[in-house]
Every structure is written in structure tokens, then in C-alpha cells.
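Summary of the model geometry
Okay, here's what each chain looks like letter by letter:
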Amino acid sequence: MTALGLPDTIQACLFDLDGVVTKTAVVHAAAWKEMFDAFLRGRDGQRPFDPAADYDEYVDGRPRADGVRAFLESRGIHLPEGTPDDPPDAATVHGLGNRKNELLLAKIRTDGVEAYDGTLRYLEAVRAHGLRTAIVSSSANCRDVLRSIGAEHFFDVRIDGVVAAERHLPGKPHPDTFLAAAHDLGVEPSRAAVFEDALAGMDAGHAGRFGYVVGVDRVGQTDALYAHGADTVVKDLAELGGKE
């Protein structure tokens with residue numbers, strides 16, 4: 001293992017955004033709960049959205065529309081797809097997704113965005129060691145969030161919700177967005193490391209046959225991260241090292 005805590009064959013690092021670089025996973029979970037609870041309130045026999053179990057299982061790490069579909073399916077609810085331009089009050093898959101994004105952006109505007117200091121230090125070390133880097137996120141707000149914390153310069157490549165839509169890439173748990181990042185960096189997947197906190201992201205890293213998959217456990221799900229394909233699990237990237 002290198003000073004970065006990675007196999008010496010690794011040439012590039014692919015980082016998820018929410019929960020790995022930024023402390024926005026909790027904000028996402030709150031926005032999902034507020035949106036789904038309001039939707040479920042008028043439906044008999046439906047329990048509220050669980051920000052722990054439901055968030056981890058159905059929406060964390062997935063593109064918004066995929067998360068809406070997965071959660072509704074778990075409750076036996078079927079809605080029209082609608083279109084990405086649906087208003088946030090529309091009773092469609094895209095309408096609910098847009099309502100969630102509206103709530104998320106309001107929370108970010110009110111409370112701001114914080115980065116994990118351990119991740120920023122690790123990114124500095126990764127860059128200093130000459131490894132290439134990419135941010136891989138299902139968020140369509142990825143670029144704005146990176147700019148808000150002054151971290152855009154850490155990444156050679158950005159594959160986010162906007163790029164994925166343009167290229168018609170399926171989101172996590174499919175490996176396509178991570179594979180696209182490795183391709184854009186000019187690195188074989190076997191020589192790239194994936195850094196993820198979401199179970200869907202673990203599945204993507206495992207399915208893509210990446211050289212190393214690092215699970216970041218912010219919420220006490222170490223066993224689940226290993227079960228979904230992590231090679232190692234840390235609570236903070238600072239644990240991996242990064243200093244000679």
C-alpha cells in the first residue's frame with residue numbers, strides 16, 4: 001500500500017460528492033423526508049419516510065428520478081413519469097424529484113455547505129502524489145456546490161447529473177458514471193479507486209471492477225458497505241494517510 005493507503009497500482013481517484021467531499025448527505029435526507037412525508041400524508045396506511053432506512057436503501061447516491069421510483073415502488077405506489085420540466089407540485093415522478101430539489105436548494109441557501117476537512121487534505125495529498133482525480137455525483141448541482149466550498153480545482157474531470165443526462169448514462173448503482181470518469185481520465189478501471197458513502201455507490205464500484213473501493217462510513221453502516229463491495233471502510237479519508 002502507498003502513503004495514500006491505496007494499492008500501488010492505482011493511478012486515479014474517483015470521488016462521490018455528498019457524504020464524501022461535502023456534509024450534504026444529511027441535508028439531502030431531510031429534503032427527501034419533507035417531500036415524501038407531504039406526499040404520503042394524504043394516503044391511508046402509509047408510514048412516514050425513514051431518513052435512515054429508506055434513504056440508504058432507495059435514494060442515497062441515485063439520480064433523483066431513480067430515487068423517487070425506487071421509494072414509491074417499495075410502498076406499492078405508481079405515478080406517471082412526467083417530464084424533467086414538471087412543476088414541483090406535479091404528482092409525477094419528475095414532479096416529486098423537482099420538489100425535493102427545490103427543498104434541498106432552499107436548505108443549502110439557508111445553511112450553506114460544509115466540506116469534510118479530512119477529505120480536502122486527502123485530495124491535496126492525492127494531487128501532490130500525481131494521481132488524477134474526478135468527481136462523480138448524481139447531483140445536478142455538483143458544480144455549484146464545489147464552487148461554494150472552493151474545491152472545483154481539485155478535480156480533472158466532473159461526471160455529475162448534468163453530464164450523465166447529456167451522455168445518457170444510467171446512474172448508480174450502475175457503474176457507468178464511474179466508468180465514464182475513468183475513461184475521461186485515460187485510466188483503466190482496474191487502476192482507479194472509488195470513494196463512496198452510499199450503498200448504491202458501493203454497488204457501482206464493485207460492478208465496474210475498479211481497482212479499489214473505499215467506503216466512507218458517516219452514519220454507522222460499516223457492515224453494509226463491506227457487504228456491498230467495499231475493499232476497506234473508513235470514517236474519514238484522513239485515516240488513509242496521505243503524508244509521507
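Below you will find a few notes about this structure. Here the structure is a predicted model, which means the values were calculated and not measured.

**A short note on the overall build of the protein**
Helix and strand counts for the protein come out as 10 helices and 6 strands. In terms of overall dimensions, the protein has C-alpha extents of about 60 × 35 × 30 Å along its principal axes. Restricting to contacts in the protein with at least 6 residues of sequence separation, those with at least 24 account for 61%. A total accessible area of about 11,100 Å² is found for the protein, and carbon and sulfur atoms account for 48% of it. Once the 26 positive and 39 negative side-chain charges of the protein are each reduced to a mean point, those two points are 2 Å apart.

**With respect to empty space enclosed by the protein**
Enumeration over the complete set of coordinates arrives at 1 cavity of 30 Å³ or more. Roughly 30 Å³ of volume is contained in the largest cavity. Lining the largest cavity, in full, are Asp18, Thr24, His28, Leu104, Ile108, Ser139, Asn141 and Val145.

**Brief notes about the sheet that holds strand β4 (residues 192-196)**
In a beta sheet, neighbouring strands are held together by backbone hydrogen bonds and run either parallel or antiparallel to one another. Reading across from one edge, β3-β2-β1-β4-β5-β6 is the order of the 6 strands in this open sheet, with parallel pairing throughout. Edge positions in the sheet fall to β3 (157-159) and β6 (232-234), since each has one partner strand and no second. Between one strand axis and the next, the sheet turns by 20 degrees as a mean value, whatever way the strands run. Alignment of strand β1 (residues 12-15) against strand β2 (residues 132-136), held across 4 bridges, turns out to be parallel. The partner of Ala12 across the bridge, within β2, is Arg132. Helix α8 (residues 176-185) rests against β1, β2, β3 and β4 of the sheet, and its axis sits at about 150 degrees to β2. Along the sheet, helix α9 (residues 199-207) contacts β4 and β5 (212-216); its crossing angle with β5, the most-contacted strand, is approximately 175 degrees.

Conventions used here
Residues numbered from 1 in each chain as written. Predicted model: local features only at pLDDT ≥ 70, side-chain atom pairs only at ≥ 80, totals over all residues. Heavy atoms only, no water. Helix = DSSP H or I, 4+ residues; strand = E, 2+ residues; numbered from the N terminus. Contact = heavy atoms within 4.5 Å. Areas by Shrake-Rupley, 256 points an atom, 1.4 Å probe, with all protein chains shown as cover. Lys, Arg positive; Asp, Glu negative; His and termini not counted. Charge placed at Lys NZ, Arg CZ, Asp CG, Glu CD. 1 Å grid on protein atoms, 1.4 Å probe; cavity = no way out; pocket = protein on both sides within 12 Å on 5 of 7 lines; lining within 4 Å. Points joined across faces, edges and corners; volume = space filled by probe spheres on them. Pairing = 2+ DSSP bridges. Axes fitted to C-alpha atoms, helices over the stretch in contact; angles between N-to-C directions.

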